[in-house]
Amino acid sequence: MNDIPDAKALVALDERHMRLALEEARLAALAGEVPVGCIIAREEQVISRAANRTIADCDPTAHAEMVALRAVAAAIGNHRLTGLTLYVTIEPCAMCAGAMLQARIDRLVYGADDPKGGAVRSCFTLFDHPQVNHRIAVTSDVLAEDAATLLRNFFAARR
């Protein structure tokens, strides 16, 4: 296993992967979906890319994070996704945060906070509950303004 990257290298890696997640979010918007994108990676290696698909799949669980988690689990043949980082453009909801805990994701990196439904820091702090038996390291506010602008523009166009 590689050494833990220094702080500057980690910031650069997080921004690089978040840009890919933002690309996925833009594709979701073009498809009429709420623009949320997700990348799951092991260091530099992107293992899965996904965008929201709730409308396309007629599936309320087809959030970008859930689609990406399912793809990674299938690709590696294991429901435990240790050693992986999940990058998503907005703070995960309770469903997605719970799925990350079940999958044993090591690290979450997200863009914008979700004051109406975020389950990591904004509305709920699911990862911090004392009875949760897995801890996920969290980095927030990575390219947050880009993610927030994408969401604002999407919803403004629909009003």
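Structural notes, computed from the coordinates. Each chain carries its own residue numbering, running from 1 in the direction its sequence is written. Local features in this predicted model are restricted to residues whose pLDDT is 70 or higher, and side-chain atom pairs enter the listing and the counts only when it is 80 or higher, whereas totals over whole chains, interfaces and linings include all residues. Hydrogens are left out, water is left out, and the side-chain values use all remaining heavy atoms of the structure.

### As for the nonpolar core
Buried together is how nonpolar side chains tend to be arranged in soluble globular proteins.
1) Next: Among buried residues, the Ala, Val, Leu, Ile, Met, Phe, Trp, Tyr and Cys ones that are joined through side-chain atoms within 4.5 Å form a nonpolar core. Exposed residues in this analysis have more than 50% of their type's maximum accessible area, buried residues have under 20%, and partly exposed residues fall in between, with area computed by a 1.4 Å probe over protein chains only. Judged by nonpolar contacts, the single largest core of 30 residues is most densely connected at Ile40, Leu69, Leu86, Met100, Ile105, Leu108 and Phe127.
2) Next: Looking at this core, the elements that each hand over two or more residues are strand E1 (37-42), helix H3 (64-76), strand E3 (85-90), helix H4 (94-103) and strand E4 (107-112).
3) Next: Numbering of helices and strands runs from the N terminus, with a helix taken as a DSSP run of H or I at least four residues long and a strand as a DSSP run of E at least two residues long. The element that contributes the greatest number of residues to this core is H4, accounting for six residues.
4) Next: The contact definition used throughout considers only heavy atoms, calling two residues in contact when any of these lie within 4.5 Å. Other than its neighbours up to four places away in sequence, Leu108 contacts Leu86, Val88, Pro92, Met100, Val120, Phe127, Ile136, Ala137, Val138 and Thr139.

### A few points about the packing of helix H1 (residues 7-30) against helix H5 (residues 144-158)
1) Next: Only C-alpha atoms enter the line fits that serve as axes; for helices the fit covers just the stretch in contact. Angles between N-to-C directions range over 0 to 180 degrees. Running from N to C, H1 and H5 cross one another at 5 degrees; their axes reach a closest spacing of 11 Å. Looking at the two axes, H1 sits roughly parallel to H5. Residue-level inspection shows Leu22, Ala25, Arg26 and Ala29 of H1 in contact with H5, the latter providing Asp146, Ala147, Leu150 and Phe154.
2) Next: Residue classes in the contact of H1 with H5 are distributed as six nonpolar, no polar and two charged. Geometric relationships in this document are graded by angle, where less than 35 degrees denotes roughly parallel, more than 145 denotes roughly antiparallel, 65 to 115 denotes roughly perpendicular, and other angles denote oblique. Under the convention adopted here, Pro, Cys and the residues Ala, Val, Leu, Ile, Met, Phe, Trp and Tyr are nonpolar, Asp, Glu, Lys and Arg are charged, and Gly plus all remaining residues are polar.

### Some thoughts on the environment of Phe155
1) Next: The topology assignment puts Phe155 in helix H5.
2) Next: Assessed through its relative accessible area of 34%, Phe155 is described here as partly exposed.
3) Next: Taking C-alpha positions, Phe155 is 20 Å from Tyr110, a pair spaced 45 residues apart along the chain.

### As for H4
1) Next: Where H4 is concerned, the buried positions are Cys96, Ala97, Ala99, Met100, Leu101 and Ala103.
2) Next: On the buried face of H4, the contacting elements are H3, E3 and E4.
3) Next: Of the residues one or two after H4, Arg104 is the one with positive phi, at around 65 degrees.

### Description of the sheet that holds E1
1) Next: Strands are treated as partners if at least two bridges between them are detected by DSSP. Taken in spatial order, the five strands of this open sheet run E2-E1-E3-E4-E5, and their pairing is mixed. Edge positions in the sheet fall to strand E2 (45-51) and strand E5 (137-139), since each has one partner strand and no second. Between one strand axis and the next, the sheet turns through 20 degrees on average, direction left out of account.
2) Next: One ladder, built from six bridges, connects E1 with E2; its direction is antiparallel. What sits directly across from Cys38, in E2, is Ala50.
3) Next: This element, H5, spans E3 and E4 of the sheet and lies at about 55 degrees to E4.

### Here's the deal with the pairing of E1
1) Next: Most of E1 is tucked away: five of the six residues are buried.
2) Next: Linking E1 back to E2 in an antiparallel pair, the connection comprises two residues, with Glu43 at a positive phi of about 55 degrees.
3) Next: For E1 and E3, the ladder comprises four bridges, and the chain directions are antiparallel. Its bridge partner lying in E3, Ala41 is registered against Thr85.

### Here we look at the packing of aromatic side chains
1) Next: Stacked, edge-to-face and tilted labels apply to pairs of Phe, Tyr and Trp rings (six-membered ring for Trp) whose centres lie within 6.5 Å, assigned for plane angles under 30 degrees, over 60, and everything in between, in that order. Within this structure, the stated rule accounts for one aromatic pair.
2) Next: Taking the centre distance of 5.1 Å and the plane angle of 85 degrees together, the rings of Phe154 and Phe155 count as edge-to-face.

### What about the pattern of salt bridges?
1) Next: Criterion for a salt bridge: a side-chain nitrogen of Lys or Arg within 4 Å of a carboxyl oxygen of Asp or Glu. The tally for this structure, following the rule as stated, stands at seven salt bridges.
2) Next: Between Glu23 and Arg49 there is a salt bridge, with the nearest N and O atoms lying 3.1 Å from each other. Linking Glu23 in helix H1 with Arg49 in strand E2, this pair joins segments that are 26 residues apart in sequence.
3) Next: On the basis of relative accessibility, which here comes to 38%, the residue Arg49 falls in the partly exposed class.
4) Next: A salt bridge links Arg121 to Asp128, with the nearest nitrogen and oxygen atoms 3.3 Å apart.
5) Next: Looking at Asp128, the relative accessible area reads 46%, which means it is partly exposed.

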